[in-house]
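Coordinates in review
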Amino acid sequence: MITTSSNEIRNMFDQIAPIYDDLNDWLSFGQHHIWKEMTVKWSGAKLGDTCLDLCCGSGDLVFKLTRHIGKKGLVYGVDFSAAQLAIAQKRSRKEYHASPINWIEGDALQLPLDNNTFDAITMAYGLRNVKDIPQCMKEVHRVLKPGKKAAILDFHRPQSNLAIGFQNWYLDNIVVPVGSWIGYQEEYTYIKSSLDCFPRGKEQVEIALKVGFTQATHYSIVNDMMGVLVVTKFR
């Protein structure tokens, strides 16, 4: 688990909110949009569904979900960063009108949402930042409808020493210098330290099964440097 406090993490995401979207595009060469589309598809979201994007940030996955569920569907975007939510709402008013969106400032460890509410749940780059991963997964299980899926995208530590070396080089020589150049060195140095504490795919599967999911599969992508955990609730 991470040792940085929840308030520190919230403040960090508030601070980087103005440049968050642009930096994601630069640092992933635009590929993060492909990974997020994969996550939405793995969630099983379909026309007319009620969906949740947890730790929604500035809204990327929320807007992708709206295109899958159509105007009769409904999406909830939940995040603990008020600054990120403000940008998401601004983007929504300006760019997206596909389906209704409810924006909620809330804690992923204690969601202000009813049991068995959602047909699909997504999460991108949020699980790594929560203080208690099993508790977060319990909340995902609680609010997901029986028979439905959640898909969780995040960084992943590869098994191969060569891939680990490349990932460390990328973080040390691309991510942190870019963050430093725009005045956010500390915030982007944090990615590497948070990744060092983050469970690998097999451990994520074990956590998901322990909290009640009946099926759990971790899909490695981008040469095992990213991963999508797909979980199914049957009861």
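Residues numbered from 1 in each chain as written. Predicted model: local features only at pLDDT ≥ 70, side-chain atom pairs only at ≥ 80, totals over all residues. Heavy atoms only, no water.

An unreviewed UniProt entry annotates the protein chain as 2-phytyl-1,4-naphtoquinone methyltransferase of Richelia intracellularis HH01. One UniProt comment on the protein chain, placed under Pathway (unreviewed entry), says "Cofactor biosynthesis; phylloquinone biosynthesis." Under the Catalytic activity (unreviewed entry) heading, UniProt states for the protein chain: "demethylphylloquinol + S-adenosyl-L-methionine = phylloquinol + S-adenosyl-L-homocysteine + H(+)". (UniProt positions renumbered as here; feature names shortened; annotations may be inferred.)

What follows deals with the overall build of the protein chain. When helices and strands are tallied, the protein chain shows 9 helices and 7 strands. Here the protein chain, with 235 residues, has 54% of them falling under the buried criterion. Excluding contacts between residues fewer than 6 apart, the proportion of contacts in the protein chain whose partners are at least 24 apart in sequence is 74%. Element-wise, carbon and sulfur atoms account for 53% of the exposed surface of the protein chain, whose accessible area totals about 10800 Å². (Helix = DSSP H or I, 4+ residues; strand = E, 2+ residues; numbered from the N terminus. Buried < 20%, exposed > 50% of the residue type's maximum accessible area, 1.4 Å probe, protein only. Contact = heavy atoms within 4.5 Å. Areas by Shrake-Rupley, 256 points an atom, 1.4 Å probe, with all protein chains shown as cover.)

Bridging between strand S4 (residues 118–124) and strand S5 (residues 144–155) involves 6 bridges; their strand directions are parallel. Note that in S5 the partner of Met 123 across the bridge is Ile 152. Assessed by its sense of winding, the connection that carries the chain from S4 through helix H6 (residues 133–143) to S5 is right-handed. When S5 meets strand S7 (residues 226–232), the two strands line up antiparallel, connected through 7 bridges. Bridged to Phe 155 within S7 is Met 226. (Pairing = 2+ DSSP bridges. Right-handed = clockwise from strand over helix to strand, strands pointing away.)

What follows is about the packing of helix H3 (residues 32–43) against helix H4 (residues 60–69). Two numbers describe how H3 lies on H4: the axes approach to 10 Å, and their chain directions differ by 50°. Between H3 and H4, the angle is such that the two are oblique. Considering only the axes of H3 and H4, their crossing is right-handed. For the pair H3 and H4, contact is made by His 32, His 33, Lys 36, Glu 37, Val 40, Lys 41 and Ser 43 and by Asp 60, Leu 61, Lys 64, Leu 65, Arg 67 and His 68, respectively. (Axes fitted to C-alpha atoms, helices over the stretch in contact; angles between N-to-C directions. Parallel < 35°, antiparallel > 145°, perpendicular 65-115°, else oblique. Left-handed = near helix turned anticlockwise from the far one by under 90°.)

Here we take up H6. Structurally, the α-helix is built with 3.6 residues per turn, so residues lying three or four positions apart point the same way. Regarding H6, the residues found buried are Ile 133, Cys 136, Met 137, Glu 139, Val 140, His 141 and Val 143. Buried-residue contacts for H6 involve strand S1 (50–54), S4, S5, helix H9 (201–210) and S7. N-capping of H6 is provided by Asp 132, with a side-chain oxygen placed 3.1 Å from the backbone N of Gln 135. (Polar contact = N/O pair within 3.5 Å; in protein donor to acceptor, adjacent residues only side chain to side chain.)

As summarised here, the arrangement of the 7 strands in space is S3-S2-S1-S4-S5-S7-S6, forming an open sheet in which the pairing is mixed. The open sheet terminates on both sides in strands that have one partner only, identified here as strand S3 (101–105) and strand S6 (215–221). In this sheet, adjacent strand axes meet at a mean angle of 15° when their direction is disregarded. Where H3 meets the sheet, its contacts fall on S4, S5, S6 and S7, and the angle it forms with S5 comes to roughly 165°. Against the sheet, H6 engages S1, S4, S5 and S7, with an angle of about 145° to S5.

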